[in-house]
Amino acid sequence: MSTIRLTAAQAMVKYIAAQLNEEGEPFLAGIWAIFGHGNVAGLGEALHGARDEFRTYRGHNEQTMAHAAIAYAKQSGRKRAMAVTSSIGPGATNMVTAAALAHVNRLPLLLIPGDVFANRGPDPVLQQIEDFGDGTTSANDCFKPVTRYFDRIMRPEQLLTALPRAFRTMTDPADCGPVCLSFCQDVQAEAYDWPEAFFAPRIWQTRRPRPDEGELARVADLLKAAKSPVIVAGGGVHYAGACAALQCFAEAHQIPVVESQAGKSALAWDHPLNLGPVGVTGAGSANEVCAGADLVLGVGTRFQDFTTGSWNLFQNPARTLVSLNVAAYDAMKHGAEPLCCDARVGLELLGAALGDLQFAAPSAALKEAWFSAVDPLTAAPREDIQLPTDQQVIGAVQRASGPDTVVMCAAGTMPGELHKLWKAPRPGAYHMEYGYSCMGYEIAGAMGIKMAQPERDVVCMIGDGSYMMANSELATAAMLGIDMTVVITDNRGYGCINRLQMGTGGAEFNNLLDHSHHVTPSNIDFAAHAASMGAAAVHVSSIAELEAALSRAKSANGPFVVVIDTDPYPSTPDGGHWWDVAVPEVSERAEVRAKRAEYEKQIKARALN
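Residues numbered from 1 in each chain as written. Predicted model: local features only at pLDDT ≥ 70, side-chain atom pairs only at ≥ 80, totals over all residues. Heavy atoms only, no water.

Caption draft 1: Structural detail: the packing of helix H10 (residues 243-253) against helix H14 (residues 343-354). Viewed as axis vectors pointing N to C, H10 and H14 meet at an angle of 20 degrees, and their least axial separation amounts to 9 Å. For the element pair H10 / H14, the angle class is roughly parallel. The handedness of the crossing between H10 and H14 comes out as left-handed. Residues Ala245, Leu246, Phe249 and His253 of H10 touch H14, and the partners they reach there are Arg344, Leu347, Leu350, Gly351 and Leu354. Partitioning the contact of H10 with H14 into residue classes produces 6 nonpolar, 2 polar and 1 charged. (Axes fitted to C-alpha atoms, helices over the stretch in contact; angles between N-to-C directions. Helix = DSSP H or I, 4+ residues; strand = E, 2+ residues; numbered from the N terminus. Parallel < 35°, antiparallel > 145°, perpendicular 65-115°, else oblique. Left-handed = near helix turned anticlockwise from the far one by under 90°. Contact = heavy atoms within 4.5 Å. Nonpolar A, V, L, I, M, F, W, Y, C, P; charged D, E, K, R; others polar.)

See below:
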């Protein structure tokens, strides 16, 4: 057997650079790295040696580097991914939040944190966490509950099994998620005689599991017996490349489609069968058609509580719930009739089983009524006297967008408003991280989207609260010359949570900056801050000025940031659906007691169903 002598770190880099997707592209498009104690000597040297074949990107924060990698994978439809490496200690644990984000969203991510010495000679080494009762524990054990595969590399030859397992996890549609290979720092530098065959290029095919024949027959029979079914499109439609199959299935059988946050844009917004967003952040049209459905067919959805209105939307005992999902865990949720398979294959086979069966097409009046109610909210105001609303900002961005625009966000006010209001013209035009709703994903995520699809026009919508959480990768985007537009809506605090606080009877407290304990009122110049990191930045005072700035952004080089002050209180009507947020049973505030009474009525109504 022919061998090659390499350090463990060199072997890891050589292997991961040789792994290909089914289109013949490198599955990993590069690695984000902040070098420090625990990865600079071993992995840093190995990456330098492979810098022409496998690109290394430097960021400013381990969590946001991983966010950029996750956004890259999401926008690539899981066909490609990226790796991230860090030092041991705080560098590693900074990535735990990102690992959880990737886990919730079922997205591939390779995390390679440095770890303590396997030989334990220098214990306790710099940044080492010591478990007084378990000598095998390190800080990297934090990754175990938030990754799909975890391994600690304590001998070089362990990579011979760990690396294939890592790529199997990242490329498997059912198990897809983040992987952590915790790399002991002394092991990174150790040499081993590796089989040369281990480094041969390998293509990882995307598996498309077919449904069990019995499950397919049962679901087909349920649909044949239904009178008014509805389809809930989730993120799995995008990941399976099943948007066209979904459209064909819906059109062939005249079944209305509603969209989760992850599923939005699976069907063009103006398609007559697209009834809009569903759930707590949904449209009245979508929620009304779901309320009248006798069968709900989820396709690639986790049935998260926002999508289901805390399951209130689907609690009718006369309603049948069917879940077409590649993951058995999701296919069985809440007693659903499972159809465990690939979304594209499942829709095609289910369509064939239904033959020429057609249902009554949904009334166009439902959708028309919704847009008649919300379109005026996004129109430009006649006079810019008062603070603009977030809805008016969305309207301005929508009018400036084109067929190649990707609007993206993650947390705060904008996810709900965009879900209800944004008109996505085609798949991939809407990128929302709402599985974990992680504040601070936005700027790094926008950068990752642009890296994945350089031809797209990327617009990042972010509130001042999320901007303050994590903005450092704006400097990275400027350094890399990444063109993207960032719209910062400054409502001077956490406006979304402030409204939720008020909506549950609470006093305005500790959310808006003016309602927080302070000695000096906060006065942050976001445009100046963005400019200091190398972005072109402007503060605008009106929707008209915003539209002019968005026009200039199209010809800008690098990140272009527009800051606009907005009113923290207005919100688009919620589409008529409730969200379970527990209200205190005991309070001195009459407002809280009144909201508790309303809450108990909702809980009782759900129990009766």
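Caption draft 2: Geometry of the side chain of Arg456. When you line up the elements, Arg456 lands in the loop between helix H18 (442-452) and strand E19 (457-463). Within polar-contact distance, the side chain of Arg456 engages the backbone oxygen of Asp404 at 3.0 Å. Side-chain polar atoms of Arg456 contact the backbone oxygen of Gly428, separated by 3.3 Å. Not counting residues up to four positions away in its chain, the partners in contact with Arg456 are Gln75, Pro403, Asp404, Thr405, Val406, Arg426, Pro427, Gly428, Ala429 and Lys450. (Polar contact = N/O pair within 3.5 Å; in protein donor to acceptor, adjacent residues only side chain to side chain.)

Caption draft 3: Layout of the packing of aromatic side chains. Taken as a whole, this structure holds 14 aromatic pairs when the rule is applied. Seen in terms of ring centroids, Phe27 and Phe167 are 6.1 Å apart; in terms of plane orientation they differ by 65 degrees. Their pairing is edge-to-face. Note that Phe27 is positioned in the loop between strand E2 (19-21) and strand E3 (28-33) and Phe167 in helix H6 (residues 159-171), a separation of 140 residues in sequence. With a relative accessible area of 0%, Phe167 lands in the buried category. For the pair Tyr192 and Trp194, a centre-to-centre distance of 4.9 Å together with 70 degrees between the ring planes defines the contact as edge-to-face. Note on Tyr192: relative accessible area 28%, which makes it partly exposed. Taking relative accessible area as the criterion, Trp194 reaches 0% and is therefore assigned buried. In this structure an aromatic cluster arises from ring pairing among Tyr15, Phe27, Phe167, Tyr192, Trp194, Phe198, Phe199 and Trp204. For Lys14, the ring lying beneath its charged end belongs to Phe199, and the centroid distance is 5.8 Å. The ring of Trp269 has Lys423 lying over it, and the distance from NZ or CZ to the ring centre is 4.8 Å. (Phe/Tyr/Trp six-rings, centres within 6.5 Å; stacked < 30°, edge-to-face > 60°. Buried < 20%, exposed > 50% of the residue type's maximum accessible area, 1.4 Å probe, protein only. Lys NZ or Arg CZ within 6 Å of the ring centre and 35° of its normal.)

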